[in-house]
Amino acid sequence: MNKVAAAFGIQEALDKLGIQTVNNGTATGSDNFASGEIISSYSPVDGALIATVKSTTKEDYEKVMEVATKAFAHWRTVPAPQRGEIVRQFGEKLRELKEPLGKLVSYEMGKSYQEGLGEVQEMIDICDFAVGLSRQLHGLTMHSERPGHRMYEQYHPLGVVGIISAFNFPVAVWAWNTALAWICGDVCVWKPSEKTPLCGIACQNIAADVFSANGLPEGISCLINGDYKVGEMMTSDSRIPLVSATGSIRMGKIVAQAVASRLGKSLLELGGNNAIIVSPDADIKMTVIGAVFGAVGTAGQRCTSTRRLIIHDSIYDKVKDALVDAYQQLRIGNPLDENNHVGPLIDTDAVALYEQALQKVVDEGGKLIVEGGVLQGEGYESGCYVKPAIAEADNSFAIVQHETFAPVLYLLKYSGGVENAIALQNGVVQGLSSAIMTNNLREAERFLSANGSDCGIANVNIGTSGAEIGGAFGGEKETGGGRESGSDAWKVYMRRQTNTINYTTELPLAQGIKFDL
Ligand code: UN1
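Notes on the structure follow. (Residues numbered from 1 in each chain as written. Predicted model: local features only at pLDDT ≥ 70, side-chain atom pairs only at ≥ 80, totals over all residues. Heavy atoms only, no water.)

We now examine the packing of aromatic side chains. Applying the stated rule across the entire model yields 10 aromatic pairs. Judged by centre distance (5.0 Å) and plane angle (70 degrees), the rings of tyrosine 155 and tryptophan 490 are edge-to-face. With a gap of 335 residues between them, tyrosine 155 in strand β6 (residues 149-157) and tryptophan 490 in the loop between β24 (484-485) and β25 (494-502) connect regions that are remote in the sequence. A residue is classified by how much of its surface remains accessible, and tyrosine 155, at 9% relative accessible area, is buried. Aromatic pair tryptophan 174 and tryptophan 182: ring centres 5.9 Å apart, planes at 85 degrees, arrangement edge-to-face. In this structure tryptophan 182 comes out as buried when scored by relative accessible area, which is 1%. Here the aromatic cluster, defined as three or more aromatic residues joined through ring pairs, consists of Trp75, Phe90, Trp174, Trp182, Trp190 and Phe211. One Lys or Arg, lysine 103, reaches over the ring of tyrosine 113 and ends 5.9 Å from the middle of that ring. (Phe/Tyr/Trp six-rings, centres within 6.5 Å; stacked < 30°, edge-to-face > 60°. Helix = DSSP H or I, 4+ residues; strand = E, 2+ residues; numbered from the N terminus. Buried < 20%, exposed > 50% of the residue type's maximum accessible area, 1.4 Å probe, protein only. Lys NZ or Arg CZ within 6 Å of the ring centre and 35° of its normal.)

Written as C-alpha cells, this is what we have:
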C-alpha cells in the first residue's frame, strides 16, 4: 500500500470487506468462478493500483447462470416476508460495514468520503424499504362480470435479473435493484463497471456471507466482471427476463435493442442533462448552494448532476457573481480528506472529455467565466483532478445538448415568463432531473404541471441531485424511461398474473357469449 492508502486506512477497509490482495495484487473474494483476463483497478485518488480482478469468460458465465437458475428454483418458493428477513440482515451488515465500504467507494471511484458514506446509506435505506415491501407485494381484486366468479391478480417472481451498473454509483445502484429483486423472489447477476470492480467484490462478499449464514444457496447473488462483452452475454440471454442497466445513452440504446430483439424487458436509467431554473423570485443563497453542490458534487459525475442553470435576465448578474465567488472557495484534492469538496474524475479519459468540452463551448461561441483546467503537482499525481468550470453558453450549442460527465456548468439566460425557462429546460434529448428555485407558487405549479418539466424528477427549491430512495428514480426521453428504487418500482421485478376462479357448477362465458352444446 502506498502513502495515501496507508494514511487513510485503505488496507484495513479492504480487510474488513474480505478483500485479500495476494502478492501479485490479485484480489480474492466471491468473484463467482471468474477466470478470464485481468482487470486492474487503479485509484483515481493517487493513481495507485489497488488490486486486480479476473474477468468472466463465456464458460464462467455459463457456470454462473447454472447456479443462478438453480438458486431461483428455491428462492422463489421462500415466502416474501422471509426473503425480507434476509434483506434486513443484509442491511444490518451494511450498517456494520458502512465506514470501510464508504471508504472503498471513495478510494476506488474518487467521490468524497462523505458521499461514499452517503452512497452506503442509500443501500441501507433501500434495504429498509424492501423489508417493509416484502409484506406488501399487493395485487388488486376485481369484481367479475360473471356470477359465482372471483377475480384477482398476483405478483410472482420473474427469474434471473441482470444488473449492469456504472462507476459513479458503484454500490448503491446495484442495491436499489438487488434489494427489490430479492424480496420479489428473483436472483441477480451483476456486472459492475470495470472501473470499480473491487466495490463489486466487496458487496458480493457481504451478500454471500448473509446467504450462507442462512443456509441459502449461492447464486441468489452473482457477480460477473468485465467490459461490454460480458454485458452482451446477459443482454442476449433469454434466460434473463429483465436487464436493468445504468449508464450512457449510447450503452442504453445497445442494451435496449438487444433485449427487445428477444422480447425481454429492460429497465434503463441513462444520461441526464439536468437544469435548475432560477426565477426572479428565487432565494439566491439557496440557489447557490443547490447549484454548486449539483454541479461539482461527485465531480459532476452523477446522472443527476446540474449541467445547466437557466437564469432570469433580471437577476442574471447577481447569480453569476455569487457563483463565481462560491467557486473560488472550492477545495479540490484527495476525497478521503474531509477538508476537500471536490475529488478527481474517474480516469484520464474522463479528463480528456472534460478538456474537450471546455474547448468546444468556446469554439461554439461560449465564454468561460470560471476557467477550469487540469491540476498538476503534489497531490494531483493521478492526473485526474480538474477545476470545476462555468461557461456562459446557449442551449443550442451541441456541447450543451450533450452530457459531459465532469464539473462543467453552463449558464443560460431567459427573459419573460417561466414558460420560456421551461422550454429551454425541456429543449434537450435527456429527461432525468430538473428543478426550479422560486418562491412564486404560480411558477412552481406551472413547472410541475403537465406542460411543465418533462423530466422524471422535478424539484422545487432543491437542486437536481440527491434524490431520496423512497421515490421512483429515473427519467424520460433518452434517459430511457425506467424507474428504480422507491414507490412502485418493484413491479418491474415481478410478473403479474390475473386469476379468475369459478366456484359454481355452471360455465358462463365472458361477454355474455352463448356456446351451448
Ligand atoms: C446516478 O447518478 O446514477 O439522486 C444516481 C442522486 C443519487 C443517485 C444518483 N441519489 O443524486
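Turning our eyes to something else, we now look at the nonpolar core. Within the largest apolar cluster, 161 residues are counted, with the highest numbers of intra-cluster contacts made by Leu101, Met123, Trp174 and Trp182. The dominant element in this core, judged by the number of residues it contributes, is helix α7 (residues 172-183), at 10 residues. Here this core spans two domains, and each of domain 1 (3-270 + 483-496) and domain 2 (274-468) adds at least three residues to it. (Core = buried A, V, L, I, M, F, W, Y, C linked by side-chain atoms within 4.5 Å. Domains from an automatic or database assignment.)

At their nearest, the axes of helix α6 (residues 113-133) and α7 sit 9 Å apart, and the two run at 15 degrees to each other. By the angle class used here, α6 and α7 are roughly parallel. Crossing hand, α6 versus α7: right-handed. Side by side, α6 and α7 meet where Glu119, Glu122, Met123, Ile126, Cys127, Phe129, Ala130 and Leu133 of the first sit next to Ala172, Trp174, Ala175, Trp176, Ala179, Leu180 and Ile183 of the second. (Axes fitted to C-alpha atoms, helices over the stretch in contact; angles between N-to-C directions. Parallel < 35°, antiparallel > 145°, perpendicular 65-115°, else oblique. Left-handed = near helix turned anticlockwise from the far one by under 90°. Contact = heavy atoms within 4.5 Å.)

The immediate surroundings of the ligand are formed by Glu122, Asn168, Phe169, Trp176, Glu269, Arg302, Cys303, Thr304, Ser465, Gly466, Ala467 and Phe473. Within the side chain of arginine 302, an N or O atom sits 2.9 Å from an oxygen atom of the ligand. Threonine 304 is positioned such that a nitrogen or oxygen atom in its side chain is 2.7 Å from an oxygen atom of the ligand. Isolated, the ligand exposes 320 Å² of accessible area, and the fraction of that covered by the protein chains is 100%. (Near = heavy atom within 4 Å. Polar contact = N/O pair within 3.5 Å; in protein donor to acceptor, adjacent residues only side chain to side chain. Areas by Shrake-Rupley, 256 points an atom, 1.4 Å probe, with all protein chains shown as cover.)

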